[in-house]
Amino acid sequence: MHSEIFAHVNQATCAAENHGRLFGKRVGVQSLFCVRGWPCTGGSKALEGFHPLEDATVIQRLKTEGAVLAGSTRSSELGLGIAGDGAAKAVSQGLVHAALMMDTLGEARVAAVKAGLFGFKPSWGRVSRFGLMGLAPSMECCGMLASNLDDIARMLETVAHIDERDPSMAADKPTGTSPALTRAGVFKELQDLLEPQERSAFSQAVSRLEQAGLTIREAQYKDLSLFAAVHQVIAAVEASSSCGKFDGVRFGHRASGGKNWNEMYLQTRRESFGPLMKAFLFQGAYFQFEDYAAFEQACRIRTRLVQGLAKLLENLDVLVLPALHAKREPASPRDIEELYRAFSLTLPASVAGLPAIALPGMVRCDGRDLGLQLVGSWGTDQGMLALAQRLTTLTQGAP
Amino acid sequence: MMPTLQAVIGLEIHVQLSCATKMFCSCPNRPGDEPNRNTCPICLWLPGNLPRFSAEALEKATLACLALNCRIQKESAFDQKVYYYPDLPKGYQLSQFHRPLARNGWLDIVQEDETLQRIRIQKIHMEEDVARLVHEKEGKTTVSLVDFNRAGTPLVEIVTEPDLRTPADAMEFLRTLRMQLRYSQCSTCSMEQGTMRVDANVSVRPSGSNVLNAKVEIKNMNSIRHVGDAVAHEIRRQESLAMSKEPIVTHTRLWDPEARITSPMREKFEGPCVPDPSVPPIVISEKWLREMIRNMPEMPGLKAERYMNRHGLTREEALQMSAERNVSCYFESALDHQAPPRLAAQWIAAQLPPLLKDREETLENTPLDPQRFAGLLLMLEREEINANAAREVLRKLCESTASPAEIVVQCGCRQVSEADELEALVDRVILENASAVENFRQGASKALGFLMGRAMQASGGKANPRLLKELMTSKLKGDGQ
Ligand SMILES: [Zn+2]
């Protein structure tokens, strides 16, 4: 049943004993999250048969708060892109109330909008990454999808806790209740990234936001087009390192017939990764081994981009942009270039580690939902969810 | 004519830190245990795990940096040193390549001509050790086994500037470095047990030149002596290449301690180093650093100075008392109990080591506590016992908890210093040995020694030798008048 959605179905879904924040909520978790006793295959042969010894910290939190874990949803290979992903389907078909899904390029946000759902990526460092199959550690976050914002808010409250098992988490706590967010910025340079029809659909949505009471300001940001390249170089390098552990020795698929360890490694990795992942790892290895200067430059530009966005957000509460393009299909890219082109609008928040939420049904273009994406200052996760709730109510009537 | 050549030597020293746990997980830091006992999902690097940097590793590494006079950097960070080999199953080693913990240190060494030379230390960085590979035969096939006990254990790597010129200096540097590090208690620094590993970079150039020529790295030395031998061998090899005008190419050579030669080894692939995104940068606050500096023990150099200036020790005695921390602790503790400093230094250096060796004890665990040891030395200084008796009492002190005074009473070896008692003794010996007395008066000075021996024997070894001699001499001369 639902084998195209779930990689593993939890047979023991009895009612949770804990009457917590998520009591009775059915939650799906992507097969990139470690759940003790479940296979954790992350959409890759490299993880074939891998059974984690422990729960991821976020899984522990879900259990503590009374969630019913329905199963692990299918994933693109190691969470790169959304090809074959089952998380959004599980929510939109009503099999679960909410889902956890890795967001590295914007996967959780894009998959949500495509399925008419809300998709949220928290601030980097607010949710523990312990027990997650990491691909690009500095880009990826535990994203969440649901059909309503209340479920997302509950999920966020559940999982956003300092965890000593993830030392990269930010130590400073975000300020609890922030003042209502009202000032929204629209990148002037966005017009260069959007097709004419996308532009007009988006400006209609912006007008509705203005009618709903948001102050709209134009934000000048000439570096907007750099996010994609910076993300691609850094994420590929990090992925190349992260995937070093897939050697077929301790877990996962192992090729037979190698004459020595080196041949065994090579053959195992050849058989384990799909073409898109291989291309990505090649790119990462290229920058590691052949053009380290380019990687260093990408890191420097990233610092500048992070500072640039933070500066813009000193006088603005959120930045507004669509979540996806009308004519670029994110679910079936032929190569890395196409993949990055399809995700170009979600990459800025990933590169800068900022919280971002994608709202469905607010930007329509040629019958396709482009999603309205809000990107806020670091740590304003709760305030952003409140703003999203307000906008949803005002522009679509009562929920 | 060929100009004379000068060797240029730099060292890279890996030191295993004496921490309770590994560097990024809480497994015990005991690589020698039964294979794969000390492992967990983090150091096996199973998917989903994240490294958790150990505070103790930072403390011990900082001690090493302070002991070597380095400047601790306010911010340092871990990189991933990427290479693929079965001893490194995650595909990279966490090491501080771009931003090391400390820079710009130095150590002064005493050269062969007794002058001091300052050897600069370029940097000290932290890194995790890799797993140990064991190659075995299973029937006819070779199998490679991996022992993860060592994977992730904490190391620092110390890199010197190429300031050393002779094998003897290199050895002296290593002995000084080892003394400093052991003193700060950050490592046991045993090359034999593998807690200190040394690679040497050697090149040659015409004397007086400042160029740095192609260097050859030598590995696999298991003792400081081997380092000296291997470096000496490599210098000779390069000199003869230079003589015959053959080029010297940069490569790595292995020292063979049996054959006492080096031979080229296959180059290990040098991968790139990229910043690690999961271990946060290490930020050191001034307050924390001040506390670390405050807790640093007084280092041997300063200690030796103090022993000479304050306690009147000779340089040799001061060096003996300061070179090892347990010795200086014992020495200072004895001084706290009023032991005469020079006597204490001499007895700790000469009398205690053979005694402890016999009893298979160390200064830390011997029942001979510094207080009773000091008590004994005081009695010796006050001439209440003589040196022979003191050695006897020392042995007895190890076997009981009695005070030195009690033992002296028990064995009746209190020195006889009372004038009339000694006088009676001398009179008797002179009476009983008329011919020896006669010999002495004829000018045979040997006879004095004979008579002294007789008198000492008669006292049961307890007579105060100084007083006895004075008395004997004056009696013999007096009688002659
Ligand atoms: Zn471990």
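Engineer: Is there a simple way to think about the side chain of Ser-190 of chain B in this case?
Structural biologist: Residue and element names in this part refer to chain B. Structurally, Ser-190 is set in the loop between helix 2 (167-183) and strand 11 (196-206). With a relative accessible area of 9%, Ser-190 lands in the buried category. Leave out the neighbours within four places in its chain, and Ser-190 touches Arg-182, Thr-195 and Met-196.

Engineer: What's the story with the sheet that holds strand 3 (residues 68-73) of chain A in this structure? I'm lost.
Structural biologist: Backbone hydrogen bonds hold the strands of a sheet together, and the pairing may be parallel or antiparallel. All names here are of chain A. With respect to topology, eleven strands assemble into an open sheet ordered 1-3-2-4-6-5-10-13-9-7-8, the strand pairing being mixed. In the strand order of this sheet, the two ends are held by strand 1 (6-9) and strand 8 (215-219), each with one partner. Geometrically, the sheet is characterised by an average inter-axis angle of 25° between neighbouring strands, direction not taken into account. Note that strand 5 (residues 118-121) and strand 6 (residues 141-146) share three bridges and pair antiparallel. Each residue of the ladder has a partner; that of Phe-120, found in strand 6, is Met-144.

Engineer: Honestly, the domain arrangement of chain B in this entry has me stumped. Any pointers?
Structural biologist: A common way to express how large an interface is: the accessible area buried when the components associate. Here chain B is described as being made up of domain 1 (5-283), domain 2 (298-388) and domain 3 (419-476). For domain 2 of chain B and domain 3 of chain B, the distance between their C-alpha centroids amounts to 34 Å.

Engineer: Got a minute to help me understand helix 8 (residues 261-272) of chain A in this structure?
Structural biologist: Turn by turn, an α-helix covers 3.6 residues, leaving residues three or four places apart pointing in a common direction. All names here are of chain A. With twelve residues, helix 8 ought to run about 16 Å at 1.5 Å a step, and its terminal C-alpha atoms sit 16 Å apart, in line with that. Where helix 8 is concerned, the buried positions are Met-264, Tyr-265, Thr-268, Arg-269 and Ser-272. Viewed end-on, helix 8 has its buried residues packed into an arc of 120°, placing them on one side of the element. Those residues of helix 8 that are buried lie in contact with helix 9 (275-289). The opening residue of helix 8 is Asn-260, an N-cap whose side-chain oxygen sits 3.1 Å from the backbone nitrogen of Asn-262.

Engineer: Before we go on, may I ask you to explain the coordination of the zinc ion in this structure?
Structural biologist: Residues and elements named next belong to chain B. Within the protein, the atoms that donate to the zinc ion are Cys-25 (SG), Cys-27 (SG), Cys-40 (SG) and Cys-43 (SG), at distances of 2.3 to 2.4 Å. Considering all four donor atoms around the zinc ion, the spread of angles at the metal, 101 to 114°, places the coordination shape in the tetrahedral class. The sequence motif formed by the donor residues of the zinc ion is C-x1-C-x12-C-x2-C. Taken individually, Cys-40 and Cys-43 each receive the classification buried, so the pair is uniform in this respect.

Parameters and conventions
- Residues numbered from 1 in each chain as written.
- Chains lettered and ligands numbered in written order.
- Predicted model: local features only at pLDDT ≥ 70, side-chain atom pairs only at ≥ 80, totals over all residues.
- Heavy atoms only, no water.
- Helix = DSSP H or I, 4+ residues; strand = E, 2+ residues; numbered from the N terminus.
- Buried < 20%, exposed > 50% of the residue type's maximum accessible area, 1.4 Å probe, protein only.
- Contact = heavy atoms within 4.5 Å.
- Pairing = 2+ DSSP bridges.
- Axes fitted to C-alpha atoms, helices over the stretch in contact; angles between N-to-C directions.
- Domains from an automatic or database assignment.
- Expected span 1.5 Å × (residues − 1).
- Arc of directions from axis to C-beta.
- Polar contact = N/O pair within 3.5 Å; in protein donor to acceptor, adjacent residues only side chain to side chain.
- Donors = N, O, S within 2.8 Å, 3.2 Å for Na, K, Ca; no water.
- Tetrahedral: all angles 85-135°; square planar, octahedral: opposite > 155°, others 65-115°.

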